[in-house]
Amino acid sequence: MESFAFFNGEPSFGINVMSTKEENEIEISEAVRRFVDERQATLPEGVGLTAWADGSFYLKGRLNMMLENMAMGAVLVFVILGLFLHMKIAAWVIIGLPVAFLGAFMMLPVPFVDVSINIMSLFAFILVLGIVVDDAIIIAESVYTYTEERGYTPANIVAGARRVAVPATFGVLTTIMAFLPMLLVTGPMSTINGAIGWVVVFCLLFSLVESKLILPSHLAVMKSSHGPKAGFADRVDRGLKWFIENVYAPVLERAIEFRYATLAFFVGLLILAGGLVASGLVRFVFFPEMDADFVVAQVELQEGAPESLIRDIVEEMDAGLRAVNEEIKAERNIDVDVAQSLFAYVWEGAKARMQVELDRSDDRPVSPKEVEQRWRDKVGEIAGTKELKFYSSMHMGGEAPIQISLKGNNHRLVEEAAEELVEHLRTYDGLYEIKSSASAGPEELKLRVRPEAEALGVTLADLARQVREAFYGAEAQRIQRGDDEVKVMVRYPRAERKSIGNLESMWIRTPDGREVPFGAVAEYEIVQGYNVITRTGGQTAVTVRSNADLAVAEPMRVVAQVTEDFMPTLLSRYPGVTYDLTGSSREERMSLEAMGYAYLAALFGIYALMAIPLKSYVQPLIVMTAIPFGIIGAVIGHLLLGMTLNAVSLIGIIALSGVVVNDSLIMVHFVNRAISLGASPANAAFESGKGRFRAILLTSLTTFFGLVPILAAGGMQASMVIPMAVSIAFGILFATVITLILVPCLYNIVDDFRRAVRLAPRVTAAPGG
């Protein structure tokens, strides 16, 4: 079989250098490049050594992007704190970040954790940037407000910290609880879940220690924090107090007064958010596609195709890529080649893989997806190919997004059903490279023994053996030639084994030594053969696969429509044929189930944790109402940014559940305290809302602005983490409104029901009844 390779049109030989999990990819890249530079000087003229497809270039770009965004997020968090609190307090709060981060770094190499510094773990640090200071903000803001009223003394600092210590501690624990189930999820998402989950858990644990034990001591040794603020910060402080008294307080008062209408309004928003997803306005694709660093094409010839054809096809595809490159340069009026390098490898004389490295600059004029689509259109269909596919993105599910397996005992029925399913899938927009795994091979001769041959003792095995030896040959001996062993085969001369007529004219030897004509003892049939017949559980299995343009088609929605509307009709026409979802389609359902169980576990854990400080089974439910309404913000965020909901978005929503309840927990805690001092539920909720407005706003803004750099980053480097950032950032903003408006209303609605139950007349049985 012919095998060869070329690089940018010249004959070449390629070596892949890959790192293991224990090795540093960047260091290996530098070592390879040093070797290439040193070896290049010793090579003869006309021979070159080139390092290309260096993955460390993209890794360093992503690491730098994450580190820059982390620094920018920390600056934004500090600015927000400085505007709403005194700059001294903001400085002590922000010091909690390195304490938490260094503690997490210390724990990551622990054997049962084993998380390296990569894209996802760095994103986790950015994700937790605004969350990790939440409990410190609550402690510091409580101290600031308490000492503002009673004087800045160590005793008042301790008292200010203690009044929120319990809810703030359990707030952090609920956030940890939301992330813990992520460590138990398996499947394609497990790597992402593990890296993010461990980083967040460790950061929050160390921040808990810092905010409760270290921060109060820092505040105590500091001089009074109630000195004059900078001019702009003072205006912000006065503006905030004016907003609370003149805007928020009247709105909250009216909302509590008309609390049932307020609840109905927010429930309507929740239904609207569900309608946005169900209608397709906010699209849902579970396994997202992320732009890869290269564009790849693969081709495989049909059985029996001449080996010279593969070279012609590779050259034709190379010419098509060059034409696309020139068209893009002309359209964009640029001089730089979009397709920088092309490496092609041919093996077995029938298969080829072409890998294209694109322009690596940040301002690349076209996306890899556009190059892929234009190259596919330019090449078109090629005669003689069994498979021809192009791809420029990494599909998180690992395989084609739509895969349906048909099974049955009758191979013909299974194959015909598969072909009909292929034709049906071709009616959907956005689906391409639709194919069946049924692989037709060359034609075969099917032999049968006549009934009269049985009397002569001729069996089907005898017949097949003699026909095979006549046309293929029987091994007579083996001859050793150097290191090779040569078989000597005995068979009919070439002229007597060229046609079906030669078969019909051959003679078959019976067990008693007689020879009879082939037609006297056997008959034959020419049938279509198969290269591969796959069996599962003893049944023939044929898999139908389809790629999808995720900007047009939602694989999960397509699969649901096919299985509900088309498959019952199809199977009724082919009795004995059944179907299963396989590959990526099956992984979607299994991953959704696993995430659903993880979400339920997180909700149960959050409920149990909140029941401890609240000492109630009902009040945790009030606090947890922020969770579904926080999802509204996540959905609206995806709508505003034109993004698709996917598995990474769902991870963000699960994480959001632990974050959004923190402020609600403290709100309910303060309402309970006010009621214990004699206030009515309505007044307690009203005053608690006003008193906690600054802390709730601060924790939400720091979380949001900590993620703003990622939201604004865009591009390939940040594409894999932006959906999670959108879910948390926009979810926390909407949950702030829920905490400040709906939670006080719900508290009073629950109180209404309690009073109604207490005032309801009790029905007792008459004596002797």
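See the structure shown above.
Bear in mind that the values here come from a model prediction, so they are computed numbers and not experimental data.

The secondary structure content of the chain amounts to 25 helices and 17 strands. In the chain, buried positions account for 49% of the 769 residues. In the chain, 78% of the contacts between residues at least 6 apart in sequence involve partners at least 24 apart. Counting only carbon and sulfur atoms, one obtains 58% of the accessible surface of the chain, whose full area is about 37,100 Å².

Compared with the 16 Å implied by 1.5 Å per residue over 12 residues, the 17 Å span of helix H15 (residues 460–471) between its first and last C-alpha is a close match. Once H15 finishes, Gly 473 follows within two positions and takes phi at roughly 120°, a positive value.

Another aspect to go through is the packing of aromatic side chains. Across all of its chains, the model carries 12 aromatic pairs by this definition. Aromatic side chains Phe 265 and Phe 266 sit 5.4 Å apart centroid to centroid with 75° between the ring planes, which places their arrangement in the edge-to-face category. Clustering of aromatic rings is evident, with ring pairs tying together Phe 101, Phe 105 and Phe 125. It is Arg 673 that lies over the ring of Phe 670; its NZ or CZ is 5.5 Å from the centre. Positioned above the aromatic ring of Phe 670, the side-chain terminus of Arg 692 is 4.6 Å from the ring centre.

Here we take up the pairing of strand S16 (residues 539–548). The buried count for S16 comes to seven of 10 residues, which makes it a mostly enclosed element. As defined by bridge partners, strand S7 (residues 402–408) adjoins S16 across seven bridges and the pair is classed as antiparallel. For Leu 406, the partnering residue across the bridge sits in S16 and is Val 542. Examined bridge by bridge, strand S8 (residues 431–436) and S16 share four bridges and lie antiparallel to one another. From the neighbouring strand, Tyr 432 faces S16, where its bridge partner is Asn 547.

Moving on: empty space enclosed by the protein. On inspection of all chains with the given rule, the structure shows four cavities of 30 Å³ or more. The volume enclosed by the largest cavity comes to roughly 80 Å³. As for the largest cavity, its lining consists of Ile 131, Asp 134, Asp 135, Ile 138, Pro 167, Ala 168, Gly 171, Val 172, Thr 175, Leu 204, Asn 662 and Ile 666. Those elements giving two or more residues to the lining of the largest cavity turn out to be helix H6 (134–150), helix H7 (154–179) and helix H22 (647–676). No other element matches the five residues that H7 contributes to the lining of the largest cavity. When the residues that make up the lining of the largest cavity are grouped by side-chain class, the tally is seven nonpolar, three polar and two charged.

Moving on, we get to the side chain of Asn 156. By the element assignment, Asn 156 lies in helix H7. A residue is classified by how much of its surface remains accessible, and Asn 156, at 15% relative accessible area, is buried. Setting aside anything within four residues of it in sequence, one finds Asn 156 in contact with Tyr 146, Thr 147, Arg 150 and Gly 151.

The rules behind the values
- Each chain carries its own residue numbering, running from 1 in the direction its sequence is written.
- Where local features are concerned, this predicted model is filtered to residues with pLDDT of at least 70; where side-chain atom pairs are given and counted, the filter is 80 or more; whole-chain, interface and lining totals use all residues.
- To obtain the side-chain values, all non-hydrogen atoms of the structure were included, while hydrogens and water were left out.
- Only DSSP runs of H or I with at least four residues qualify as helices, and only runs of E with at least two residues qualify as strands; both kinds are numbered from the N terminus onward.
- Categorising residues by exposure relies on relative accessible area from a 1.4 Å probe, with only protein chains included: less than 20% of the type maximum marks a residue as buried, more than 50% marks it as exposed, and the intermediate range marks it as partly exposed.
- The contact rule is simple, with two residues in contact once any of their heavy atoms fall within 4.5 Å.
- Values of accessible area rely on a 1.4 Å probe in the Shrake-Rupley scheme; residue burial ignores everything except the protein chains shown.
- Expected span of a helix: the number of residues minus one, times 1.5 Å.
- Put simply, two rings from Phe, Tyr or Trp (the six-membered ring, in Trp's case) pair if the centres are within 6.5 Å, and we call them stacked under 30 degrees between planes, edge-to-face over 60, tilted for the rest.
- Here, a charge over a ring means that NZ of Lys or CZ of Arg falls within 6 Å of the ring centre while also lying within 35 degrees of the ring normal.
- Only strands joined by at least two bridges in the DSSP assignment are considered to pair.
- Put simply, the grid is 1 Å and covers the protein atoms alone, a cavity is a trapped set of points that fit a 1.4 Å probe, a pocket is an open set with protein on both sides within 12 Å along at least five of seven lines, and lining residues have an atom within 4 Å of a point.
- Grid points are joined across faces, edges and corners, and a volume is the space filled by probe spheres set on the points.
- Under the convention adopted here, Pro, Cys and the residues Ala, Val, Leu, Ile, Met, Phe, Trp and Tyr are nonpolar, Asp, Glu, Lys and Arg are charged, and Gly plus all remaining residues are polar.

Read these as layout, nothing more, since geometry by itself doesn't imply function.
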